[in-house]
Amino acid sequence: MALPYVRRTWVDDPSTSTPTSAANFNAMELGIQDLSDALGTRTAWTSYTPTTTNITVGNGTVTAAYARYGKTIFGRFNFTLGSTSAMGTDPKFTLPFALRSSSDPILFSGIHIDSGTSEFPLVLIVDSTTTVAARCVNTGTSYGSLAFVSSTAPMAWTTSDGIRVAFTYEAA
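Keep in mind the model is a prediction, meaning the values are calculated, not measured.

Engineer: Sorry if this is basic, but what is going on with the overall build of the protein chain here?
Structural biologist: Tallying secondary structure elements over the protein chain gives one helix and ten strands in all. Taking all 172 residues of the protein chain together, 33% fall into the buried category. Looking at the protein chain alone, contacts between residues at least 24 apart form 63% of all its contacts between residues at least 6 apart. Total accessible area on the protein chain is roughly 9,800 Å²; 56% of this is exposed by carbon and sulfur atoms.

Engineer: Looking at this model, I keep getting lost on a nonpolar patch on the surface. Mind explaining?
Structural biologist: Together, Trp45, Tyr69 and Phe74 give the surface a local cluster of nonpolar side chains, amounting to about 290 Å² of exposed area. Within the fold, Tyr69 resides in strand β3 (residues 61-69). Residue Tyr69 is classed as partly exposed on the basis of its relative accessible area of 33%.

Engineer: I'm lost on the pattern of salt bridges in this one. Help?
Structural biologist: Charged atoms that come close allow side chains of opposite charge to pair. Taken as a whole and assessed by the stated rule, the structure comprises five salt bridges. Linking Lys92 and Asp127 is a salt bridge whose minimum nitrogen-to-oxygen distance equals 3.3 Å. Of this pair, Lys92 sits in strand β5 (residues 86-94) while Asp127 is found in the loop between β7 (118-126) and β8 (131-138), placing the two residues 35 residues apart along the sequence. The residue Arg100 makes a salt bridge to Asp104 at a minimum N-O spacing of 2.9 Å.

Engineer: Explain empty space enclosed by the protein to me, please; I cannot follow it from the model alone.
Structural biologist: Vacant regions in the atomic arrangement are exposed by a probe of water-molecule size rolled over the atoms. One pass over the structure, following the stated rule, counts one cavity of 30 Å³ or more. Top contributing element to the lining of the largest cavity by residue count: β5, with three residues. Looking at the lining of the largest cavity, its residues break down into six nonpolar, no polar and one charged.

Engineer: Just to check I follow, could you spell out unusual backbone geometry for this structure?
Structural biologist: The general pattern is negative phi for most residues beyond glycine and trans for most peptide bonds. Omega for the peptide link from Ala153 to Pro154 comes to 5 degrees, which places this bond in the cis form. The backbone of Ser160 sits at a positive phi, close to 80 degrees, despite the residue not being glycine. Considering the arrangement of structural elements, one finds Ser160 in the loop between β9 (145-148) and β10 (162-170). Given a relative accessible area of 38%, Ser160 falls into the partly exposed group.

Engineer: Honestly, the packing of aromatic side chains in this entry has me stumped. Any pointers?
Structural biologist: One pair of aromatic rings is described through two measures. These are the centre distance and the angle between the planes. A full pass over the atoms with the stated rule returns six aromatic pairs. Centre to centre, the rings of Phe167 and Tyr169 are 6.1 Å apart; their planes meet at 25 degrees, and the pair counts as stacked. Like Tyr169, Phe167 is buried. Members of the aromatic cluster, each reached through a chain of ring pairs, are Phe77, Phe93, Phe167 and Tyr169. For Arg68, the ring lying beneath its charged end belongs to Phe97, and the centroid distance is 4.6 Å. We note Arg76 situated over the ring of Trp45; from NZ or CZ to the ring centre the distance is 4.2 Å.

Engineer: Quick question: what am I supposed to make of the nonpolar core here?
Structural biologist: Generally speaking, soluble globular proteins have nonpolar side chains that are buried together. Of all hydrophobic cores here, the largest spans 27 residues; its most connected members are Met87 and Phe167. Elements supplying a minimum of two residues to this core: β3, β4 (72-80), β5, β7, β8 and β10. Among the elements that make up this core, the one with the highest residue count is β10 (four residues). Those residues in contact with Met87 that lie beyond four places of it in its chain are Asn54, Ile55, Phe79, Leu81, Val149, Ser150, Ser151, Trp157 and Ile163.

Engineer: What am I meant to see in the side chain of Ser150 here?
Structural biologist: Relative to the helices and strands, Ser150 is located in the loop between β9 and β10. Non-local contacts of Ser150, meaning those with residues more than four positions away in its chain, are made with Met87, Gly88, Thr89, Met155 and Trp157.

About the cut-offs
Think of each chain on its own: its residues are numbered from 1, step by step along the sequence as written. Local features are withheld for residues below a pLDDT of 70 in this predicted model, meaning they are given only at 70 or higher, and side-chain atom pairs are given and counted only at 80 or more; totals for whole chains, interfaces and linings count all residues. Side-chain measures here rest on the full set of heavy atoms in the structure, leaving out hydrogens and waters. Every helix listed is a DSSP run of H or I at least four residues long, and every strand listed is a run of E at least two residues long, numbered separately from the N terminus. Throughout, exposure labels follow a simple rule: accessible area from a 1.4 Å probe, protein chains only, divided by the maximum for the residue type, with under 20% read as buried, over 50% as exposed, and the rest as partly exposed. Contact criterion: two residues are considered in contact whenever any of their non-hydrogen atoms come within 4.5 Å of each other. All accessible areas in this document rest on Shrake-Rupley with a 1.4 Å probe, and a residue is counted as covered only by the protein chains that are shown. Only residues above 30% relative accessible area that lack a salt bridge enter a patch, with like-charged residues linked at up to 9 Å and the nonpolar side chains Val, Leu, Ile, Met, Phe, Trp and Tyr linked at up to 5 Å. Salt bridge, as applied in this entry: a Lys or Arg side-chain nitrogen positioned within 4 Å of an Asp or Glu carboxyl oxygen. Cavity and pocket criteria rest on a 1 Å grid covering protein atoms alone: a 1.4 Å probe that fits but cannot get out defines a cavity, protein on both sides within 12 Å along at least 5 of 7 lines defines an open pocket, and an atom within 4 Å of a point defines a lining residue. Grid points are joined across faces, edges and corners, and a volume is the space filled by probe spheres set on the points. Gly is placed with the polar residues, together with every amino acid not listed as nonpolar (Ala, Val, Leu, Ile, Met, Phe, Trp, Tyr, Cys and Pro) or charged (Asp, Glu, Lys and Arg). In this analysis, rings of Phe, Tyr and Trp, with Trp reduced to its six-membered ring, are considered paired at centre separations within 6.5 Å, and the interplanar angle assigns stacked below 30 degrees, edge-to-face beyond 60, and tilted for intermediate values. By definition, being over a ring means that NZ of Lys or CZ of Arg is both within 6 Å of the ring centre and within 35 degrees of the ring normal. Only buried Ala, Val, Leu, Ile, Met, Phe, Trp, Tyr and Cys residues count toward a nonpolar core, and they belong to the same one when joined by side-chain atoms within 4.5 Å.

So this is what it looks like as structure tokens:
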């Protein structure tokens, strides 16, 4: 859905002697239209089906969605384990659109949820232009370092545990 902007055509009113003119207003309208076009298509949140790696979804649930504004992508990824789900080492999921470059940063906020017990910080790293990987923070080091998520890190995963991530990045 395009931005709700309708371009107008202005006509001079010969009965007034204002310093503005139809040409000036038409130029402003073109500028507004150019800005509207530069922002791109504005849509509501759209669901997408990410491909997961090193995650056994089983009877768990994966929900993911994005909103796109020009080349800026806002997204979310949620995975809740069911009784037949499993977390493997180095879990990854695909993004809705490719990153502009694999060396570009991705902004994110995320947590690992140990249902009913605690939450742990989640860090996303760029694996490729289409995939990101989840990491946990190893607090056993002086400054905290990134560690692979696994079946036992940052906790022993079980039913109702999960991953919640919100992210933003520039698409190719």
